[in-house]
Amino acid sequence: MKILVTGGAGFIGGNYAIVMTERYPEDEIVVLDALTYAGNLETLAGIQDRPNFRFIKGDIRDRAFIFDLFEKENFDVVINFAAESHVDRSIENPGIFLETNVMGVQVLLDACRKYGVGRYHQVSTDEVYGDLPLDRPDLLFTEETPIHTSSPYSASKASADLLTLAYHRTFGLPVTVSRCSNNYGPYHFPEKLIPLMISRALADESLPVYGEGLNVRDWLYVTDHCNAIDLIVRKGRVGEVYNIGGHNERTNLEVVKTILKQLGKPESLIHFVKDRPGHDLRYAMDPTKIETELGWKPEYDFDTGIRKTIEWYLENKDWWQHILNGEYREYYDRMYKERQ
Ligand code: NAD
Ligand code: TYD
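Residues numbered from 1 in each chain as written. Chains lettered and ligands numbered in written order. Predicted model: local features only at pLDDT ≥ 70, side-chain atom pairs only at ≥ 80, totals over all residues. Heavy atoms only, no water.

## Considerations on a nonpolar patch on the surface
Taken together, the side chains of Leu-134, Leu-214 and Leu-281 present a nonpolar region at the surface, about 230 Å² in accessible area. In this structure, Leu-214 sits in the loop between strand 8 (207-210) and strand 9 (216-221). (Patch = residues over 30% accessible without salt bridge, like charges linked within 9 Å, V, L, I, M, F, W, Y side chains within 5 Å. Areas by Shrake-Rupley, 256 points an atom, 1.4 Å probe, with all protein chains shown as cover. Salt bridge = Lys/Arg side-chain N within 4 Å of Asp/Glu carboxyl O. Helix = DSSP H or I, 4+ residues; strand = E, 2+ residues; numbered from the N terminus.)

## A word on the site of ligand 2
Around ligand 2 sit 19 residues, and of these Glu-127, Arg-217, Arg-276, His-279 and Tyr-336 come closest. Contact between ligand 2 and Asn-182: an oxygen atom at 2.9 Å from a side-chain N or O atom of the residue. Bound to the protein, ligand 2 loses 97% of the 510 Å² it would expose on its own. Elements supplying a minimum of two residues to the shell around ligand 2: helix 6 (193-202) and strand 8. Split by residue class, the shell around ligand 2 holds nine nonpolar, five polar and five charged. (Near = heavy atom within 4 Å. Polar contact = N/O pair within 3.5 Å; in protein donor to acceptor, adjacent residues only side chain to side chain. Nonpolar A, V, L, I, M, F, W, Y, C, P; charged D, E, K, R; others polar.)

## Structural notes on the nonpolar core
Counting 38 residues, the largest nonpolar core has Ile-194, Ile-259 and Tyr-328 as its most contacted members. Mapped by element, the contributors of at least two residues to this core are helix 6, strand 8, strand 9, helix 8 (252-263), strand 12 (270-273), helix 10 (302-315), helix 11 (317-324) and helix 12 (328-337). Those residues within four positions of Ile-259 in sequence are excluded, and the remaining contacts are Ile-194, Met-197, Ile-198, Ile-306 and Ile-310. Counting 24 residues, the second largest nonpolar core, distinct from the first, contains Val-107, Leu-108, Leu-109 and Tyr-120. (Core = buried A, V, L, I, M, F, W, Y, C linked by side-chain atoms within 4.5 Å. Buried < 20%, exposed > 50% of the residue type's maximum accessible area, 1.4 Å probe, protein only. Contact = heavy atoms within 4.5 Å.)

## So, the sheet that holds strand 9
Taken in spatial order, the three strands line up as 7-9-11 in an open sheet, and their pairing is mixed. With partners counted over all chains shown, the strands left at the sheet margins are strand 7 (182-184) and strand 11 (249-251), one partner each. For this sheet, the mean inter-axis angle between neighbouring strands, taken without regard to orientation, is 50 degrees. Pairing of strand 7 with strand 9 involves three bridges; the strand directions are parallel. Looking across to strand 9, one finds that Asn-182 is bridged to Trp-219. (Pairing = 2+ DSSP bridges. Axes fitted to C-alpha atoms, helices over the stretch in contact; angles between N-to-C directions.)

## Examining the packing of aromatic side chains
According to the stated counting rule, one finds 20 aromatic pairs in the structure shown. Seen from their ring centres, Phe-97 and Tyr-153 are 6.4 Å apart, and the 85 degrees between their planes marks the pair as edge-to-face. Of this pair, Phe-97 sits in helix 4 (residues 95-114) while Tyr-153 sits in helix 5 (residues 152-171), placing them 56 residues apart in sequence. Taken as a pair, Phe-97 and Tyr-153 share a single burial class, namely buried. On the numbers, 6.0 Å between centres and 70 degrees between planes, the contact of Phe-189 with Tyr-328 is edge-to-face. Of this pair, Phe-189 sits in the loop between strand 7 and helix 6 while Tyr-328 sits in helix 12, placing them 139 residues apart in sequence. Judged by relative accessible area, Tyr-328 falls into the buried class, the value being 5%. Three or more aromatic residues joined by ring pairs form one cluster here, namely Tyr-37, Phe-189, Tyr-210, Tyr-328, Tyr-331, Tyr-332 and Tyr-336. Arg-89 extends its terminal NZ or CZ atom over the ring of Tyr-331, reaching a point 4.1 Å from the ring centre. (Phe/Tyr/Trp six-rings, centres within 6.5 Å; stacked < 30°, edge-to-face > 60°. Lys NZ or Arg CZ within 6 Å of the ring centre and 35° of its normal.)

## With respect to the site of ligand 1
Ile-12, Asp-33, Ser-85, Tyr-153 and Lys-157 are the nearest of the 29 residues found near ligand 1. In this structure, Thr-36 approaches ligand 1 through a side-chain N or O atom, which is 3.0 Å from an oxygen atom. Here Ser-85 contributes a side-chain N or O atom positioned 2.6 Å from an oxygen atom of ligand 1. Out of a free accessible area of 830 Å², ligand 1 has 96% covered by protein chains. For the shell around ligand 1, the elements supplying multiple residues, two or more each, are helix 1 (11-23), strand 5 (119-125), helix 5 and strand 7. No other element matches the three residues that strand 5 contributes to the shell around ligand 1.

## Points about the packing of helix 8 against helix 10
Put simply, helix 8 and helix 10 touch, their axes get as near as 11 Å, and they point 55 degrees apart. Judged by the inter-axis angle, helix 8 sits oblique to helix 10. You can see that helix 8 and helix 10 cross each other, and the crossing is right-handed. Along its contact with helix 8, which presents Val-255, Thr-258, Ile-259, Gln-262 and Leu-263, the element helix 10 presents Phe-302, Ile-306, Arg-307, Ile-310 and Leu-314. Class assignment for the residues of the contact of helix 8 with helix 10 results in seven nonpolar, two polar and one charged. (Parallel < 35°, antiparallel > 145°, perpendicular 65-115°, else oblique. Left-handed = near helix turned anticlockwise from the far one by under 90°.)

Below, the structure written as structure tokens:
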């Protein structure tokens, strides 16, 4: 199979390319990425010489470029990880989220239609379901939970899901959609909660926890997400949505305290800062469908996964320190100055 992995220089797409080029030497994996602030070729350095791997720089919004690429390459499968992915940035500047996450997806869907791609897989998020109350731990998101978005990011991702499913219903395009909970693991850009807290704690810098730190996220180790996508692409039913999550709910404060404990750093580093506008209270996934239909099971629980993740950040300081030295510093100062 020849698989196009868009956004493969980012966190999850990068992990996907690393795992799958090794698992399937007979498949050809082509990573396409625009290398925005979040894309990083250093993530792919370890696989760049694999014979079944190729990298192409390009933008999913560029229709002429994408059509030309699809005409030349004859992809069997397209897996779209490419997106603007950070909620806080979507609050600062929603426009780019619509351009990439909605219009870019439309370009990919049109190209899949025109060139007869056998499967388009849209990588989506639990955030399309909105949030759950903190006092109802019995409630979980299922595939039937109505779409009810809170941020420009989640609204753009929900739009993409709807468009993808509409191309299936209207044009018969063979699509699947997966909605996963929060990921963590190696190569995670340090603007997101877990790598931000690890990198700042290691430098004895203050740890900005939004509000009271009581919001709950359902954490999944990144390779468990990649394995779920692989199963859906190979065995999932066309036109279906699959939820992915491992029942690992933690408050943000619990996550930060776990990181501090493992690093041997004091809780006095924690600083409560102004809350995120529209901040979703709780996400929690019901993954029964993918478990029963496709036999998916996560390999890591949170305690094992977070230990492995912290070890990776300790052993791969160069990867994230290169990021912290760049335009990231300016981003952090701008974004967090307003939260003081
Ligand atoms: P990321 O921000 O780390 O990576 C996104 C990648 O897309 C980057 O390499 C970037 O350069 C690339 N990109 C952005 N705009 C592009 C464009 N116009 N053309 C081509 N490439 C472009 O994001 P991530 O955390 O790896 O997320 C990947 C996907 O998974 C996203 O669609 C996201 O919505 C979804 N998702 C993420 C999580 C999570 O916890 N991180 C959870 C569920 C779903
Ligand atoms: P994030 O990693 O941005 O993922 P998402 O908002 O998509 O779930 O944030 C995870 C949680 O951590 C979220 O409730 C916001 C909170 N948070 C902080 O408290 N401080 C921070 O500096 C960041 C980046 C996030």
